[in-house]
Every structure is written in C-alpha cells, then in structure tokens.
Amino acid sequence: MPKQNAPRSLDSALTLRRVARQQRIVEWLGSAAAPLTSPELAQRLGVSVRTVERDLARLRESGVPLDAVPGVHGGSRLASVASPRPVRLTAPEIAALIASLAALGPTETDSAASAMNALIEALTTE
C-alpha cells in the first residue's frame, strides 16, 4: 500500500509548488516596470524556461490577463490596471480562498499572508 500513496503525495507536492510559482509569477509581472522574459522568470524561480512557459499558459487559460510583448525588450506582463477594483465575496467564496491558501501555505509569500489575514478579517469583522 505505501507505494500507491507515494505518487499521490508527490503529485500534491508538485501541485503546491506549481501554485506557489504561479503566484510569484503574477506578483512579479504585476510589479515589474518592464515585461519579464521567460528566461528571467525561470532564473528567479530556479526552474526551466519550459516550466515557466507552461505556467504562463495555465495562467492565461485560467483568465489571468497576461500580455505577451514581442521584440527585443519584450516578455510577459500583467495587463495594465490603474488600481484593482474592490472584490465582493460571499462567505463560502472566502472560505474557499482560505482553504486554498491554507493548502498552499498561508505564509508562502508576503502577499499570501496578507491575503489570508484580509480574508479572515472579512469573516470575523462586522
């Protein structure tokens, strides 16, 4: 039996690493002054360029507004938004996000910790 559990455990660990990577990619693209190339992102993350390209594709497929900028100074960037609009969530939606952050590790990044605190506060503050 233990051998059957090992692949599932490995799959879960790989999924969590992918989610953490994709979170960092979105954060970096959103805060960068210029587009970031896949090789730049791969170096920062310590993964292959192909892994970054798969992550970018998954993010786009999920609806994340990423722009591909062609040319010598090209790369990827988060579509420009002056300031994000407020998001209204129901208690079950907040619970889903809290569970997702808990699975990832609510302190995996500063923004994950900040988001977790905001979500918990939204549930506990009237």
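Conventions adopted
Residues numbered from 1 in each chain as written. Predicted model: local features only at pLDDT ≥ 70, side-chain atom pairs only at ≥ 80, totals over all residues. Heavy atoms only, no water. Helix = DSSP H or I, 4+ residues; strand = E, 2+ residues; numbered from the N terminus. Polar contact = N/O pair within 3.5 Å; in protein donor to acceptor, adjacent residues only side chain to side chain. Contact = heavy atoms within 4.5 Å. Pairing = 2+ DSSP bridges. Buried < 20%, exposed > 50% of the residue type's maximum accessible area, 1.4 Å probe, protein only. Arc of directions from axis to C-beta. Salt bridge = Lys/Arg side-chain N within 4 Å of Asp/Glu carboxyl O. pLDDT = per-residue confidence, 0-100. Axes fitted to C-alpha atoms, helices over the stretch in contact; angles between N-to-C directions. Parallel < 35°, antiparallel > 145°, perpendicular 65-115°, else oblique. Nonpolar A, V, L, I, M, F, W, Y, C, P; charged D, E, K, R; others polar.

Caption draft 1: Molecular detail of the side chain of Arg21. With respect to the helices, strands and loops of the structure, Arg21 is situated in helix 1 (residues 2-31). Here the side chain of Arg21 touches Asp55 through a polar contact of 2.6 Å, side chain to side chain. The contacts of Arg21, once residues within four sequence positions are left out, are Leu45, Val47, Thr51 and Asp55.

Caption draft 2: Spatial organisation of the pairing of strand 2 (residues 75-78). Examined bridge by bridge, strand 1 (residues 66-69) and strand 2 share 4 bridges and lie antiparallel to one another. By the bridge assignment, Val69 is partnered in strand 2 with Gly75. A loop of 5 residues connects strand 1 with strand 2, the two strands running antiparallel in sequence, and Gly71 in this loop sits at a positive phi of about 105°.

Caption draft 3: Quick look at helix 2 (residues 38-45). Of the positions making up helix 2, those classed as buried are Ser38, Leu41, Ala42 and Leu45. Summarising the axial view, the buried residues of helix 2 lie within an arc of 100°, below the 170-degree limit, and thus occupy one face. Phi turns positive, to about 75°, at Gly46, one or two residues after helix 2.

Caption draft 4: The pattern of salt bridges, seen in detail. Taken as a whole, this structure holds 4 salt bridges when the rule is applied. One salt bridge connects Asp55 with Arg58, and the closest N-O pair in it is separated by 3.7 Å. Here the residue Asp55 and the residue Arg58 both occupy positions in helix 3 (residues 49-61), the gap between them amounting to 3 residues, near one helical turn. Across the pair Asp67 and Arg77 runs a salt bridge, and its minimum N-O distance is 3.6 Å. With a gap of 10 residues between them, Asp67 in strand 1 and Arg77 in strand 2 connect regions that are remote in the sequence.

Caption draft 5: Fine view of the environment of Ser48. Note on placement: Ser48 falls in the loop between helix 2 and helix 3. For the pair Ser48 and Ser38, spaced 10 residues apart in the sequence, the C-alpha separation amounts to 8.9 Å. A polar contact is formed between the side chain of Ser48 and the side chain of Thr51, at a distance of 3.0 Å.

Caption draft 6: Representation of the confidence of the model for the protein. Per-residue confidence for the protein gives a mean pLDDT of 86; residues scoring 70 or more make up 90%. Confidence, read as mean pLDDT per element, is least for helix 1 in the protein (76) and greatest for helix 2 (96).

Caption draft 7: Molecular detail of the packing of helix 2 against helix 3. As a packed pair, helix 2 and helix 3 sit with axes 8 Å apart at the nearest point and diverge in direction by 105°. By the criterion of interaxial angle, the relationship of helix 2 to helix 3 is roughly perpendicular. Contact residues: helix 2 offers Ser38, Pro39, Leu41, Ala42 and Leu45, while helix 3 offers Val49, Val52, Glu53 and Leu56. Its residues assigned to classes, the contact of helix 2 with helix 3 comprises 7 nonpolar, 1 polar and 1 charged.

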